[in-house]
Every structure is written in structure tokens, then in C-alpha cells.
Amino acid sequence: MKTIEIDDDLYRFIASHTQHIGESASEILRRMLKVTDQALQEADCAAVAPEALPKAKASIDKKPADRVRAVRELLLSDEYAEQKRAVNRFMLILSTLYQLDAEAFAQATQSMQGRTRLYFAGDELTLLQSGNHTKPKHISGTPYWVITNTNTGRKCSMVEHIMQTMKLPQELTEKVCGTL
């Protein structure tokens, strides 16, 4: 058995998918990743080139049913339910959307800005310079920063725009915005 280090938020995400007491992280990951014994044997036999991994992950992430399921799982997760503030739920949603399709997320955020300020940027300073009292926060697991000093309605419209760009179902988008 090998030991790996993972971020706390990733560990909580994995732990939130526990189906029974005593289930190990390996069992949870095998189930979530749909890893079979045959797949493990094939992986042992053939060395996978590192540059092939991101492409394989991207094709998995772009399956519409998997993306919808991932968003629904976020909404049902303990981590999401424990968030008392809309801004914290907003940050979890953005992080999840980026993980599902980084390309579509980037495309959606590039075109999104207000009259006088940017909503998303690659660094905190850019957002601070785009307006007063923007309160930029880093979106966990992404290279992006987002302004958080907006009302909940604006946060919903930002999430809605990203989800529409990602071509996620309108009913799901409404459900997500309803939880903010």
C-alpha cells in the first residue's frame, strides 16, 4: 500500500461519498472512478504516458451525464450543506464547475464583466485594480480569482452564465442558483 498526500478539500470530497461505515478511501475512489480489476491489470501491463492522462480525464469529464451527476452530488454533499454563507457555496460551485470542464469555464469567464469591473481574473491584483471593494477570493483547485463583493443575485447570474456556456441543463442551473 502506498501513501499519498492530498488537499483537505479533496479528502472531504472523497469522504463525502462514503456509502457505509468502515469504507476505505481506496474503495470509495475505485467506485467513483469505476476502476475494475481488469483495468488495474491492464494499467500494470502498459505504461501510461503522462501527457495522455489529462486528455483521458477531459473526455471523461465532458460526458453530460457525469457532469450533471457531479453537480448534483455537490448539492447533496455535507460540505455544501454545512456552508452557512452564500459566498462559500458560490466558491464551491465555481470550483466544481472548473473541475468538470476547465476549457468551458475559461471561455465563460473571459466574456464576463460588469460595467466597470472584472468578475474573474488569473490573479488578485487584477481584480483589486478593477474596482473598489471587490473582495477577491481564490477559487480552490483553479488558477482563477473571483470578486465576492456582489449580491447573491449577481452571483447567481455569474453561475448561470458559466453553466449555460458549459451546456448544462437549465433545470440544474435553476436548482444550483436556488441553493445560493
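Residues numbered from 1 in each chain as written. Predicted model: local features only at pLDDT ≥ 70, side-chain atom pairs only at ≥ 80, totals over all residues. Heavy atoms only, no water.

**A look at the pattern of salt bridges**
Taken as a whole, this structure holds four salt bridges when the rule is applied. Across the pair Arg67 and Asp101 runs a salt bridge whose closest N-O atoms are separated by 3.5 Å. Taken together, the positions of Arg67 in helix 5 (residues 64–76) and Asp101 in the loop between helix 7 (86–100) and helix 8 (102–110) put the pair 34 residues apart, joining distant regions of the chain. Comparing Arg67 with Asp101, the two get one shared label, buried. We note a salt bridge from Arg72 to Glu171, for which the minimum N-O separation is 2.7 Å. Placement of Arg72 in helix 5 and of Glu171 in helix 11 (residues 170–179) is noted, with a sequence separation of 99 residues between them. (Salt bridge = Lys/Arg side-chain N within 4 Å of Asp/Glu carboxyl O. Helix = DSSP H or I, 4+ residues; strand = E, 2+ residues; numbered from the N terminus. Buried < 20%, exposed > 50% of the residue type's maximum accessible area, 1.4 Å probe, protein only.)

**Focus: the sheet that holds strand 2 (residues 136–138)**
Judged by pairing direction, the sheet is antiparallel, and its three strands sit side by side in the order 1-3-2 without closing on themselves. For this open sheet the edge positions go to strand 1 (120–121) and strand 2, each flanked by a neighbour on one side alone. Bridging between strand 2 and strand 3 (residues 145–147) involves three bridges; their strand directions are antiparallel. Within strand 3, the position partnered with His138 by the bridge is Trp145. (Pairing = 2+ DSSP bridges.)

**A word on the packing of helix 8 against helix 10 (residues 152–165)**
Where helix 8 meets helix 10, the closest approach of the two axes is 9 Å, and the angle between their N-to-C directions is 130°. Our classification of the angle between helix 8 and helix 10 gives oblique. The two elements helix 8 and helix 10 cross, and the hand of that crossing is right-handed. For the pair helix 8 and helix 10, the contacting residues are Ala104, Phe105, Gln107, Ala108 and Thr109 in the first and His161, Ile162 and Thr165 in the second. (Axes fitted to C-alpha atoms, helices over the stretch in contact; angles between N-to-C directions. Parallel < 35°, antiparallel > 145°, perpendicular 65-115°, else oblique. Left-handed = near helix turned anticlockwise from the far one by under 90°. Contact = heavy atoms within 4.5 Å.)

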